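What follows is the residue order along each chain.
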Amino acid sequence: MTIAIIGGGAAGVLAGIGAGTKEKVIIFEKNEKLMKKVYITGKGRCNLTNDCPVEDIISSLVNNPYFMYSSLYQFSNEDMMKMVEEDVPLKVERGGRVFPVSDKSSDIMKALERRLHKNNVKILYNTKVNAIEKKEKFMVYTNKKNYVADKVIIATGGITYPATGSTGDGYEFASKMGHKIIRPRPGLIALNVKEDVSDLEGISLRNIGISYRKEELFYDEIGEVLYTKRGLSGPLILTLSSLISKSPGGIIHLDLKPGLTKEQLDRRLLRDFEKYANRDIKNGLKDLLLNKMIHEVLTKSKIPEDRKINQLTRKERIDLVETIKDLRYHILGTEDAHRGIITAGGVHVDEVDPSTMESKYVENLYFAGEILDIDGLTGGFNLQIAWSTGFVAGKSAGGKDNE
């Protein structure tokens, strides 16, 4: 029996490992190497997974979390860590994020590739699958030659980071097989705003509050925000982007001093203003705010930068407090979709068996990884989706327990 795995990313590689050693398994990879996207995850360190209970993984998924129950319990984050730790020492960092001790994603990739070779999985590099057709068996048409397969696992990824091979091919394959595709859209991506923030590009604000309210969604966290040329990014914004990916819009509220109440902040300003009483207001804020943020806050407060502190009215000071505690930006949309860390949307999960990853429409057709309409927050959760669904798809296609 021949199993064709379309895509050699995280899900495709685990499918190859999960399929075992008794079947003929072929991975079709359009790139010159496997797991190009894995290589850049965690800023090149590979945030392998998250060291938390399975229930916490489920709660960290944004779309269709309950679909993942079966695959996570068949192949959990602990299973993934045990597999990798046979070759690569791991460490756990803030928020349960798991990384190789070496901080090199290439170590993870090499360990997984060794398992593929141990399973005698054949890897066809620089081989692009152009079409898949189901006859008596599957016909897999590539840019080099055509292949016949008994079973096919589609693990082609999404639409983000196309340079890694995620160009949306799998959606067309799935659609032609009769599957519904939920509109693919970027997740974990920077948000563009209406206001001009180009002068603030590159500024990173740590330990600030961010809040967002739209209909039933209320997001309120403290952490890091990064200004981009056209908007905002950083961990808090990436999380928010996934939560609102179906309908980006609304207002982001930034609290530059979440540790202070408005009354406490007002008293702090009075002390600073007394210290710099004869100076311009822009100089009186230098102990409280970053230089570039002073201009932003004063502009939002409609206070001239050269206004003398001793000429500042009480109303202007209160407006200043309000602005620092509630700096507002109107969301226009997301950055270019290709810049998203992950893809939301994809093959409708109601059409896939969650315990096997097999299509409910086409026998012996399986799906794994980012092509499915499942995505999670940052912290290793999206890679775990790929590891779990990939392994289960491979194990199911191989028809054995692989315990």
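In what follows, the structure referred to is the one given above.
Residues numbered from 1 in each chain as written. Predicted model: local features only at pLDDT ≥ 70, side-chain atom pairs only at ≥ 80, totals over all residues. Heavy atoms only, no water.

1. So, the packing of helix H2 (residues 36-44) against helix H6 (residues 105-118)
The description of two packed helices rests on the angle between their axes and on the distance between the axes.
Point 1. In contact at an axis separation of 8 Å, H2 and H6 are set at 150 degrees when each is read in the N-to-C sense. Handedness of the crossing formed by H2 with H6: right-handed. Contacts between H2 and H6 involve Val38, Tyr39 and Gly44 on the former and, on the latter, Ser105, Ser106 and Met109.
Point 2. Here the residues of the contact of H2 with H6 sort into 3 nonpolar, 3 polar and no charged. (Axes fitted to C-alpha atoms, helices over the stretch in contact; angles between N-to-C directions. Helix = DSSP H or I, 4+ residues; strand = E, 2+ residues; numbered from the N terminus. Left-handed = near helix turned anticlockwise from the far one by under 90°. Contact = heavy atoms within 4.5 Å. Nonpolar A, V, L, I, M, F, W, Y, C, P; charged D, E, K, R; others polar.)

2. Notes on the packing of aromatic side chains
Point 1. Taken as a whole and assessed by the stated rule, the structure comprises 5 aromatic pairs.
Point 2. With centroids separated by 6.2 Å and ring planes inclined at 0 degrees, the aromatic side chains of Tyr69 and Tyr73 adopt a geometry described as stacked. Residue Tyr69 and its partner Tyr73 are both found in helix H4 (residues 69-74); the two are separated by 4 residues, about one turn of the helix.
Point 3. Considering the side-chain rings of Tyr227 and Tyr329, the 6.0 Å spacing of their centres and the 80 degrees angle between planes classify their relative orientation as edge-to-face. Taken as a pair, Tyr227 in strand S15 (residues 217-227) and Tyr329 in strand S18 (residues 327-334) lie far apart in primary sequence, 102 residues in all.
Point 4. Judged by relative accessible area, which is 0%, Tyr329 ranks as buried.
Point 5. Each residue in the set Tyr66, Tyr69 and Tyr73 is aromatic and connected to the rest through ring pairs, giving one cluster. (Phe/Tyr/Trp six-rings, centres within 6.5 Å; stacked < 30°, edge-to-face > 60°. Buried < 20%, exposed > 50% of the residue type's maximum accessible area, 1.4 Å probe, protein only.)

3. Thoughts on the pattern of salt bridges
Pairing is possible between side chains that carry opposite charge, provided their charged atoms lie close to one another.
Point 1. Counted under the stated rule, the structure contains 23 salt bridges.
Point 2. With a closest N to O distance of 2.7 Å, Asp169 and Lys30 form a salt bridge. Here Lys30 lies in the loop between strand S2 (24-28) and H2 and Asp169 lies in helix H7 (residues 169-176), a separation of 139 residues in the sequence.
Point 3. In this structure, Glu370 engages Lys37 in a salt bridge whose closest nitrogen and oxygen atoms are separated by 3.1 Å. With Glu370 in the loop between strand S20 (365-367) and strand S21 (375-376) and Lys37 in helix H2, this residue pair connects regions lying 333 residues apart in the sequence. Taken as a pair, Glu370 and Lys37 share a single burial class, namely buried.
Point 4. By sharing partners, the salt bridges in this structure join Arg45, Lys91, Glu93 and Asp103 into a single network. (Salt bridge = Lys/Arg side-chain N within 4 Å of Asp/Glu carboxyl O.)

4. A look at the sheet that holds strand S16 (residues 231-233)
Hydrogen bonds between backbone groups are what pair the strands of a sheet, and the pairing can be parallel or antiparallel.
Point 1. One closed barrel accounts for 6 strands, arranged S13-S16-S15-S14-S17-S18; its pairing is antiparallel. Neighbour-to-neighbour, the strand axes of this sheet turn through a mean angle of 45 degrees, independent of strand direction.
Point 2. Relative to S16, S15 is paired through 2 bridges, and the arrangement is antiparallel. What sits directly across from Tyr227, in S16, is Leu232.
Point 3. Here helix H12 (residues 314-325) sits on the sheet in contact with strand S17 (251-255) and S18, set at roughly 110 degrees to S17. (Pairing = 2+ DSSP bridges.)

5. Overview of the nonpolar core
Point 1. One finds Leu14, Leu112, Val152 and Trp387 to be the most contacted residues of the largest nonpolar core, which totals 79 residues.
Point 2. Broken down by element, the residue count for this core peaks at 9 residues, all from helix H13 (residues 381-398).
Point 3. Among the nonpolar cores identified, the runner-up in size contains 41 residues, and Ile208, Ile210, Ile244 and Ile294 belong to it. (Core = buried A, V, L, I, M, F, W, Y, C linked by side-chain atoms within 4.5 Å.)

6. Description of the packing of helix H1 (residues 10-18) against H6
Point 1. Contact geometry of H1 with H6 gives a least axis separation of 9 Å together with a crossing angle of 40 degrees. When you trace H1 past H6, the crossing you get is left-handed. Touching Val13, Leu14, Gly16 and Ile17 of H1 are Leu112, Arg115 and Leu116, all from H6.
Point 2. The residue inventory of the contact of H1 with H6, partitioned by class, reads 5 nonpolar, 1 polar and 1 charged.

7. Observations regarding the side chain of Ser245
Point 1. The residue Ser245 is located in the loop between helix H8 (235-243) and S17 in this model.
Point 2. In terms of polar contacts, Ser245 uses its side chain to reach the side chain of Arg185, at 3.1 Å.
Point 3. For Ser245, the residues in contact, after removing those within four places along its chain, are Arg183, Arg185, Pro186 and Ala344. (Polar contact = N/O pair within 3.5 Å; in protein donor to acceptor, adjacent residues only side chain to side chain.)

8. Looking at the environment of Ser59
Point 1. Position of Ser59 among the secondary structure elements: in helix H3 (residues 54-59).
Point 2. For Ser59, a relative accessible area of 57% gives the class exposed.
Point 3. Residues Ser59 and Gly376, spaced 317 residues apart in sequence, show a C-alpha to C-alpha distance of 8.9 Å.
Point 4. There is a polar contact of 2.9 Å between the side chain of Ser59 and the backbone oxygen of Asp56.

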